[in-house]
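Residues per chain are reported as follows:
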Amino acid sequence: MKRLFRHFQSPTPSSHRGRQHSNRVSNGTRLGLLLLCSVLVVGLVLTTNFAVAQSDNSLQEQEDQLIREYTLPTAPDKAPVYKPLPASPPQKSTSPTRKRTTPAPSQPPPQNQPTRSAPASSAPARRSPASSPSEEEPAPARRSPAPSPAEREEETADAEPLPTGEYILQFNRSPIVGNRFRFRGVYSEARLGFTRPRGWEIQGAKALIRFQHSPALIAKDSNLTVQINGASVGSVPLNRQQSEVGSVLFNIRPQLIQDYNELVIVARQSNDEECSNPGDPTLWTEVLPDSELQLEYQPQPIPLNFSRYPYPFFDDLSLDTNRIAYLLPKVNDTWLTAASRFQAGLGRMAEFRPIDTEIINDLEDVEWGQRLIVIGTPAEQPVLADLDLPFSISGDQILDGNQVPLPGDVGILMMTTTLDGAVPVLVVTGNSADGVAKAAQFLVQPESRKFGTGQAVLVDNLKEVDTPSLRNWPAYLPEKNSFTLSEIQTKANGDPVEDITVRGSAAPPILIDFHALPDDQFTRGSSMTLRYSYGPQINPRTSAVEVLLDGTFIGGARLTSEDGATRKSLKVDLPPHLIKPDSQLEVAFRLNPREPGVCGNVTDQQLTGTLHADTSFNLNRQQSVQLPDLELLQEGYPFAAPQDLSRTAIVVPDSPSDTDLLTMLSFSERLGRLSKADSVNLDAYTTTTLPAEVREGHHLVGIGTREQFPFPEVFDGSGFRLQDAFSRQWNQGRIQALPDNEGMIKEIMSPDNKERVLLALTAQTADGLERVRQVISKDPWFFQLQEDTVLISSNQQDATSYDPDAYTLEFLERAPSTRRVENTGLLSKASRFIQDNWFFLPAGIFVIALLLYGISQFYLKRLSDQKSH
């Protein structure tokens, strides 16, 4: 080591030239080390400065974050508790009620409209939903002033029990039953579904079955069995004479009732002791539609918490209509937009479930069974100072725990109650319009509201959701032309379709929503490749697989193997004229066993058929649609393109009436039901506040009576028109009607943009506009809309939603000023022009032939002249 060290310290003796070379190397080494040290020092200085800068930036961010962390008020001693008393319904409810009566076996009970309730204690019997017992413990709130979960649970446990009530659910409320519920054949069964509202603790349940049956049935071999969620609750022999009405009451164990329930009625029928023919028409039993379920329940008091939102303001398990009431402030664009978006969000959550919406002008006007929504700043909603809220209010400002006003761009959401806890109140507020808008937007974005908890939520920052493409409609066919069955989303929950297996000789068809996009136009050449398999022991002579589109047979194949097939494929052409926005594809397996049944008893549960998710589709389509067309409004088009409603604006008069605002909310709710997206960006304005860029770039919806209608151009164009002095004009004719209480829905191309649509919801009077609102709200009437103009009339003073004949719709033919909106190539446009104007084709052919004839004659004459010379 020492030698090695010496070797590096002093060179070995050498010549003078060698020593000079060694010195040069040593000097170079020193110079390199010096440069390296300089670089290291400079780097260290730069790193230090960068770290200091980063530290300053981080410190600034921490200071900004500290500034935005507000001091919360002290948690209240008692959290607001929703107490849904089973009180009698208000008179304004559209759901009639009756007290329970126990009929004699041979006498039917009085028949009323559905949705009834009756008292089982001193309190009347209409229920109001509350959260389910499994949800009683709220999630801990980080920034909310709500008490701890243990305190809330103790408070709920110590609360005085609420009185019990009884709810009577008649079978005729189900569309499956209607006015007829018949069982045929040797063995027949039917299923009815019902829900248990949140917060109901079932104390007892009974099923009252009223029935008639064929007098030809043998009593000892015929019976009726009732099951609840797979458990039998009783049977009754079919032994009535001369088809007299029978009545039997089955007790149901309360433990069998769940959130989602299925009642099954099984009829076993025989008219021959040896062998009954399943096709014999005398094998029938009919359950009367006034049969009912009787549910005795006790509502549970529930502390309000945003972790359960949208409950209790909307209950998807409710047996009654959810009732929403808006407290009306001085109307401005902020309230219009926030209320419209909130109502559209409710529509999305509700889907097919009904919502009853009202507007009240004072807190004293709120009724039992309603859920109160208060939107606006403290200056716009002075009633906030009278509510029991966790944040204090001074003047027109909401204060934090240090009694300092919260910033204006912070949204504030709070829950409380009124009417001694019987009515929940949702407060959407802030110290400025920006804060109110941010709070409302938080509630309509599913991903954002998932982490809300506690009695109050401060919305500081809110992620903006990207706008989906115009043709990205989740409940419809994919945008691309080639896709598989697994890429189609189910309508129930949006999950992709998976392999589906059916079993038995009477297997129901497999239903697939095959909804074309509203602006799709299909051409010849579209096809599907069906991939399927089936089990063994089938009869190949009588078994087959069929494909139907909206009930029309479009293809099929015989199942040829007795041993079954693991995978088969079948190519089926899709007729272009059958594919529509509401189309449904059916794949039916007709499975028959090799051995025939004996006396109607068939062993068929071993027979299976499977539709595989890799079934593929290849579509030939283009974007082309003719507007205006109210039939497309049934799908929400074009207002729901894109699905976040960001290209639609609703416009009401400068001084809107309650009917104007209710119509606005009804249309917003309808758009919510017809769309699916991660946000709602619907806008609403008054006539004078409508921006020019929105007027030109958005689809517009005008609401109001003729005198105050925001777009007078609707009454100046072609087609049907409303005019002064209750006059109306159409097709060169003009009349005056007194009174004119008809409503009108009319769609035209926007005067400011020929690529946009203007929808008019109007009438001469407020009564007529109310009829328009009812048609927009109720499915049986809304899904009848067609053409471009609809006139709505009624012969009843107070029409109910249960009466299908309450309103009369008269459709007027389309005006000539229609426009085709398309995104196609030149060849497709030429083909479309020829198809739309085919009557010009013969004339065109004649003109072209005449022209060619003239050219040829001219050429021949010229040739003859040249030869003559």
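K.L.:
Hey, could you run me through the sheet that holds strand β19 (residues 411-418) in this one?
P.N.:
The strands making up a sheet are joined through hydrogen bonds of the backbone, oriented either antiparallel or parallel. Taken in spatial order, the six strands line up as β15-β14-β16-β20-β19-β21 in an open sheet, and their pairing is mixed. Looking at which strands have only one partner, the edges of the open sheet turn out to be β15 (355-360) and β21 (456-459). Averaged over all pairs of adjacent strands, the angle between their axes in this sheet comes to 20°, without regard to strand direction. The pairing of β19 with β21 spans four bridges and is antiparallel.

K.L.:
Would you explain the confidence of the model for the chain in this entry?
P.N.:
Do not read the predicted coordinates in detail wherever pLDDT is low. When pLDDT is averaged across the chain, the result is 82; 78% of the residues are at 70 or more. Below a pLDDT of 50 lies the segment residues 1-26, which in the model reaches two contacts outside its immediate sequence neighbourhood of four places, other chains included. Throughout residues 50-57 the model reports pLDDT below 50, and contacts reaching past four residues in sequence, or to other chains, amount to zero contacts.

K.L.:
What is the right way to read the packing of helix α8 (residues 658-673) against helix α10 (residues 766-777) from this model?
P.N.:
The geometry of a pair of packed helices is captured by two quantities: the angle between their axes and the separation between those axes. At their nearest, the axes of α8 and α10 sit 9 Å apart, and the two run at 15° to each other. Relative to α10, the element α8 lies roughly parallel. Seen from above, α8 lies across α10 with left-handed handedness. Of α10, the residues touching α8 (which contributes Thr-659, Asp-660, Leu-662, Thr-663, Ser-666, Phe-667 and Arg-670) are Ala-766, Leu-769, Glu-770, Arg-773, Ile-776 and Ser-777. Here the contact of α8 with α10 is composed, by residue class, of five nonpolar, four polar and four charged.

K.L.:
Honestly, unusual backbone geometry in this entry has me stumped. Any pointers?
P.N.:
Between Tyr-311 and the following residue, Pro-312, the backbone shows a cis peptide bond with an omega angle of 5°. Position of Pro-312 among the secondary structure elements: in the loop between β13 (302-303) and β14 (322-327). Of note in this structure, Asn-229 is not a glycine but carries a positive phi near 50°. Backbone geometry at Gln-403 places phi at a positive 60°, although glycine is not the residue there. Secondary-structure assignment places Gln-403 in the loop between β18 (397-398) and β19. According to the relative accessible area criterion, Gln-403 is partly exposed, its value standing at 48%.

K.L.:
Just checking my understanding: could you explain empty space enclosed by the protein for this structure?
P.N.:
If you roll a probe as big as a water molecule over the atoms, it shows you where there is empty space left. Enumeration over the complete set of coordinates arrives at two cavities of 30 Å³ or more. Tyr-82, Ile-302, Pro-303, Leu-304, Asn-305, Arg-308, Tyr-311 and Pro-312 together form the lining of the second largest cavity. A breakdown of the residues in the lining of the second largest cavity according to their chemical character gives six nonpolar, one polar and one charged.

K.L.:
Looking at this structure, I do not really get the nonpolar core. What am I missing?
P.N.:
The tendency in soluble globular proteins is for nonpolar side chains to be buried as a group. Tyr-326, Leu-426, Phe-667 and Ile-745 are the most contacted members of the largest nonpolar core, which has 81 residues in total. Per element, the largest residue contribution to this core is nine residues, and it comes from helix α4 (residues 333-350). Among residues more than four places away in sequence, those in contact with Phe-667 are Leu-633, Phe-639, Ile-650, Val-701, Leu-759, Leu-761 and Ile-776. Counting 38 residues, the second largest nonpolar core, distinct from the first, contains Tyr-167, Val-186, Ala-207 and Val-233.

K.L.:
Please explain the layout of surface pockets as it appears in this structure.
P.N.:
The computed volume of the second largest pocket comes to approximately 1,600 Å³. Looking at the second largest pocket, it is lined by 44 residues, and the ones nearest its centre are Arg-348, Glu-351, Lys-491, Arg-673 and Lys-676. When contributions to the lining of the second largest pocket are tallied by element, the ones reaching two or more residues are α4, α6 (446-449) and α8.

K.L.:
Please clarify how the pattern of salt bridges should be interpreted in this entry.
P.N.:
Here the idea is simple: oppositely charged side chains can pair when their charged atoms come close. Using the criterion set out here, one finds 27 salt bridges in the structure. In this structure, Glu-189 and Arg-191 form a salt bridge, with 2.8 Å as the shortest nitrogen-oxygen distance. With relative accessibility at 42%, the residue Arg-191 sits in the partly exposed group. The partner of Arg-594 in a salt bridge is Glu-562, and the shortest N-O contact between them spans 3.2 Å. Here Glu-562 lies in the loop between β28 (552-558) and β29 (565-573) and Arg-594 lies in the loop between β30 (584-590) and β31 (608-611), a separation of 32 residues in the sequence.

K.L.:
Is there a simple way to think about the environment of Thr-789 in this case?
P.N.:
Inspection of the secondary structure puts Thr-789 in strand β42 (residues 789-793). Take Thr-789: its relative accessible area is 2%, and that puts it in the buried class. Spatially, the C-alpha atom of Thr-789 lies 7.1 Å from that of Met-744, the residues being 45 residues apart in sequence. In this structure, Thr-789 is in contact with Leu-630, Phe-720, Met-744, Ile-745, Lys-746, Glu-810, Phe-811 and Leu-812, ignoring residues within four places of it in sequence. A polar side-chain atom of Thr-789 sits 3.2 Å from a polar atom in the side chain of Asp-788.

K.L.:
Would you mind going over the environment of Ser-655 with me for this structure?
P.N.:
With respect to the secondary-structure elements, Ser-655 resides in the loop between β34 (648-652) and α8. For Ser-655, a relative accessible area of 55% gives the class exposed. Along the primary structure Ser-655 and Thr-686 are separated by 31 residues, whereas in three dimensions their C-alpha atoms are 8.1 Å apart.

Analysis parameters
- Residues numbered from 1 in each chain as written.
- Predicted model: local features only at pLDDT ≥ 70, side-chain atom pairs only at ≥ 80, totals over all residues.
- Heavy atoms only, no water.
- Pairing = 2+ DSSP bridges.
- Helix = DSSP H or I, 4+ residues; strand = E, 2+ residues; numbered from the N terminus.
- Axes fitted to C-alpha atoms, helices over the stretch in contact; angles between N-to-C directions.
- pLDDT = per-residue confidence, 0-100.
- Contact = heavy atoms within 4.5 Å.
- Parallel < 35°, antiparallel > 145°, perpendicular 65-115°, else oblique.
- Left-handed = near helix turned anticlockwise from the far one by under 90°.
- Nonpolar A, V, L, I, M, F, W, Y, C, P; charged D, E, K, R; others polar.
- Buried < 20%, exposed > 50% of the residue type's maximum accessible area, 1.4 Å probe, protein only.
- 1 Å grid on protein atoms, 1.4 Å probe; cavity = no way out; pocket = protein on both sides within 12 Å on 5 of 7 lines; lining within 4 Å.
- Points joined across faces, edges and corners; volume = space filled by probe spheres on them.
- Core = buried A, V, L, I, M, F, W, Y, C linked by side-chain atoms within 4.5 Å.
- Salt bridge = Lys/Arg side-chain N within 4 Å of Asp/Glu carboxyl O.
- Polar contact = N/O pair within 3.5 Å; in protein donor to acceptor, adjacent residues only side chain to side chain.

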